[in-house]
Amino acid sequence: MKAKEGVIDFLNKILTADLTSINQYFVHAKMCENWGYERLHHKVRERSFDEMKDAEELIGHILYLEGVPNMQRLGAVHVGETVSEQLKADLKSEQEMVRLLTEATSHCAKVGDYTTRHMLEDMVKDSDRHIDWIETQLETIKQVGLENYLSHQIKKEDG
Amino acid sequence: MYVCLCKGLTESDIHRVGQAGIVEAEKLVEVLGLNDDECCGRCVRDIQELADLATRKLALQSSNSPRCRY
Ligand code: FES
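For the structure given in this document, a descriptive report is provided here. Along each chain, residue indices are assigned from 1 in the same order as the chain's sequence is written. To label them, take the chains in the order written and letter them from A, then take the ligands in the order written and number them from 1. Selection of residues for local features in this predicted model requires a pLDDT of at least 70, selection of side-chain atom pairs for listing and counting requires 80 or more, and totals for whole chains, interfaces and linings are taken over all residues. Neither water nor hydrogens contribute to the side-chain values; these are computed over all heavy atoms in the structure.

## A closer look at the pattern of salt bridges
Consideration 1: Just to be clear on terms, a salt bridge is a Lys or Arg side-chain nitrogen sitting within 4 Å of an Asp or Glu carboxyl oxygen. Applying the stated rule across the entire model yields 15 salt bridges over all chains.
Consideration 2: When the shortest N-O distance is used, the salt bridge between Arg47(A) and Glu94(A) registers 2.9 Å. Of this pair, Arg47(A) sits in helix α2 (residues 38–64) while Glu94(A) sits in helix α3 (residues 83–111), placing them 47 residues apart in sequence.
Consideration 3: Put simply, Lys7(B) and Asp36(B) hold a salt bridge, and the shortest N to O gap is 2.6 Å. Placement of Lys7(B) in the loop between β1 (2–4) and β2 (9–10) and of Asp36(B) in the loop between α2 (25–32) and α3 (42–45) is noted, with a sequence separation of 29 residues between them.
Consideration 4: When its relative accessible area of 27% is taken as the criterion, Asp36(B) is described as partly exposed.
Consideration 5: Each of Arg47(A), Asp50(A), Glu51(A), Lys53(A) and Glu94(A) takes part in salt bridges that share partners, so that together they form one network. For helices the rule is a DSSP run of H or I covering at least 4 residues; for strands it is a run of E covering at least 2, with both sets numbered from the N terminus onward. Relative accessibility decides the category of a residue: with a 1.4 Å probe and only protein chains considered, values under 20% of the type maximum give buried, values over 50% give exposed, and everything between is partly exposed.

Structure follows, in structure tokens:
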């Protein structure tokens, strides 16, 4: 199926943001694992995989619309040196992602591509959920202090 | 924050270089080796941001300091 005007460009922009996020979340997850913060490691790793599933869907959809998925481009990966920096960097990336997705969604509505619009709306919901999670973490840190928060991220020994 | 992943440089690395008096774009590229084969080119392209960071040491010590966008 041929794509409506401008849709492939938007999808490729989102794909770039997605591929960038996969890397950012993945390195943050591995750093958390290295620091012994098991709970965070799992949560952030899961988010990286979510982004990969989004990328999979985007690539499939671009091909379906007879476009070429741009796997070449990658945005700036923002890597935090500490857990707080990581959370803030991830929050910024998700907010940027929502902005881009919203812009793309209204473009799709304008040109009458409702399938793509629907797909992107689901991605916005996912991002919103993750933004909510990050904001909760930042708020918890504010309330209980970073040390307390981090001590709860450490893996408990079995038994 | 890490400001250059190709070279593994953090904000404090840039501050240290700035404190040593290296603040001009060209000098930073040279001293940090930002134009060799390991580099993706992003930092050379946006070198002014690193130069700003190198000169902004004192401003950054206050808590609400502006951040490098990397
Ligand atoms: S991130 Fe600094 S040269 Fe690539």
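## Topic: the interface of chain B and chain A
Consideration 1: Throughout, a residue-residue contact means that at least one pair of heavy atoms, one from each residue, lies within 4.5 Å. In this assembly, nine residues from chain B lie in contact with 11 residues from chain A.
Consideration 2: Put simply, buried area is how much 1.4 Å-probe accessible surface two parts lose in total, over both of them, once they are put together. In this assembly, chain B packs against chain A so that about 870 Å² is buried in total across both faces, 56% of it on carbon and sulfur atoms.
Consideration 3: Two N or O atoms form a polar contact when they lie within 3.5 Å of each other; inside protein one atom must be a possible hydrogen donor and the other a possible acceptor, and for residues adjacent in sequence the pair counts only when both atoms belong to side chains. Connecting chain B to chain A are five residue pairs in polar contact (both at pLDDT 80 or more).
Consideration 4: For the side of chain B that touches chain A, the residue count by class is four nonpolar, one polar and four charged. Here the nonpolar group is Ala, Val, Leu, Ile, Met, Phe, Trp, Tyr, Cys and Pro; Asp, Glu, Lys and Arg are the charged ones; every other residue, Gly included, is treated as polar.

## Observations concerning the packing of helix α1 (residues 7–35) of chain A against helix α4 (residues 114–144) of chain A
When two helices pack together, their arrangement is given by the angle between the helix axes and by the axis-to-axis distance.
Residues and elements named next belong to chain A.
Consideration 1: To define axes, lines are fitted to C-alpha atoms, for helices over the stretch in contact only, and angles between the resulting N-to-C directions are given on a 0 to 180 degree scale. Two elements in contact, α1 and α4, have axes separated by 13 Å at closest approach and are oriented at 30 degrees. On the basis of their axis angle, the class for α1 and α4 is roughly parallel. In this structure, α1 crosses over α4, and the sense of that crossing is left-handed. Packed against α1, whose contacting residues are Val-7, Leu-11, Ile-14 and Tyr-25, the element α4 presents Thr-116, Met-119, Leu-120, His-130 and Ile-134 at the interface.
Consideration 2: Taken together, the residues of the contact of α1 with α4 break down into seven nonpolar, two polar and no charged. The cut-offs work like this: below 35 degrees is roughly parallel, past 145 is roughly antiparallel, 65 to 115 is roughly perpendicular, and the gaps in between are oblique. What makes a crossing left-handed is the near helix being turned counterclockwise from the far one by less than a right angle; a clockwise turn instead makes it right-handed.

## Notes on the side chain of Ser127(A)
Residues and elements named next belong to chain A.
Consideration 1: Looking at the secondary structure, you find Ser-127 in helix α4.
Consideration 2: Overall, the relative accessible area of 3% leaves Ser-127 in the buried class.
Consideration 3: In this structure the side chain of Ser-127 is engaged in a polar contact, spanning 2.9 Å, whose partner is the side chain of Glu-94.
Consideration 4: Residues in contact with Ser-127, not counting those within four places in the same chain, are Arg-47, Glu-94, Met-97, Val-98 and Leu-101.

## Some thoughts on the nonpolar core
Consideration 1: Judged by nonpolar contacts, the single largest core of 37 residues is most densely connected at Leu11(A), Ile14(A), Leu58(A), Val83(A) and Leu120(A).
Consideration 2: For this core, the secondary-structure elements that each account for two or more residues are α1, α2, α3, α4 and α5 (146–151) of chain A.
Consideration 3: For Ile14(A), the residues in contact, after removing those within four places along its chain, are Leu58(A), Met97(A), Leu100(A), Leu101(A), Ala104(A) and Leu120(A).
Consideration 4: Buried Ala, Val, Leu, Ile, Met, Phe, Trp, Tyr and Cys residues that are joined via side-chain atoms within 4.5 Å together make up what is termed a nonpolar core. By size, the runner-up hydrophobic cluster in this structure holds 17 residues, among which are Val3(B), Leu28(B), Ala51(B) and Leu53(B).

## Thoughts on the packing of aromatic side chains
Residues and elements named next belong to chain A.
Consideration 1: A pair of Phe, Tyr and Trp rings is counted when the ring centres sit within 6.5 Å of each other, with Trp represented by its six-membered ring. The angle between the planes then sorts it: under 30 degrees is stacked, over 60 is edge-to-face, the rest tilted. For the structure on display, the rule yields two aromatic pairs over all chains.
Consideration 2: Where Phe-26 meets Phe-49, the ring centres are 6.4 Å apart and the plane angle is 25 degrees; that geometry is what we call stacked. Separated by 23 residues along the polypeptide, Phe-26 in helix α1 and Phe-49 in helix α2 bring together distant segments of the chain.
Consideration 3: The class for Phe-26 is partly exposed, based on a relative accessible area of 36%.
Consideration 4: Look at Phe-49 and you get partly exposed, because its relative accessible area is 33%.
Consideration 5: A ring is considered to have a charge above it if a Lys NZ or an Arg CZ atom is located within 6 Å of its centre and within 35 degrees of its normal. For the cation-ring pair, Lys-13 lies above Phe-10, with the distance from its terminal atom to the ring centre recorded as 5.3 Å.

## Let's talk about α4(A)
Residue and element names in this part refer to chain A.
Consideration 1: Take the residue count of a helix, subtract one, and multiply by 1.5 Å to get its expected span. Over its 31 residues, α4 runs 45 Å from end to end, which matches the ideal 45 Å to within 8%, given 1.5 Å per residue.
Consideration 2: Listed as buried for α4 are Thr-116, Met-119, Leu-120, Met-123, Val-124, Ser-127, His-130, Ile-131, Trp-133, Ile-134, Gln-137 and Ile-141.
Consideration 3: Taken together, the buried residues of α4 touch α1, α2, α3 and α5.
Consideration 4: Put simply, Asp-113 is the residue that caps the front of α4, since its side-chain oxygen is 3.4 Å from the backbone nitrogen of Thr-115.

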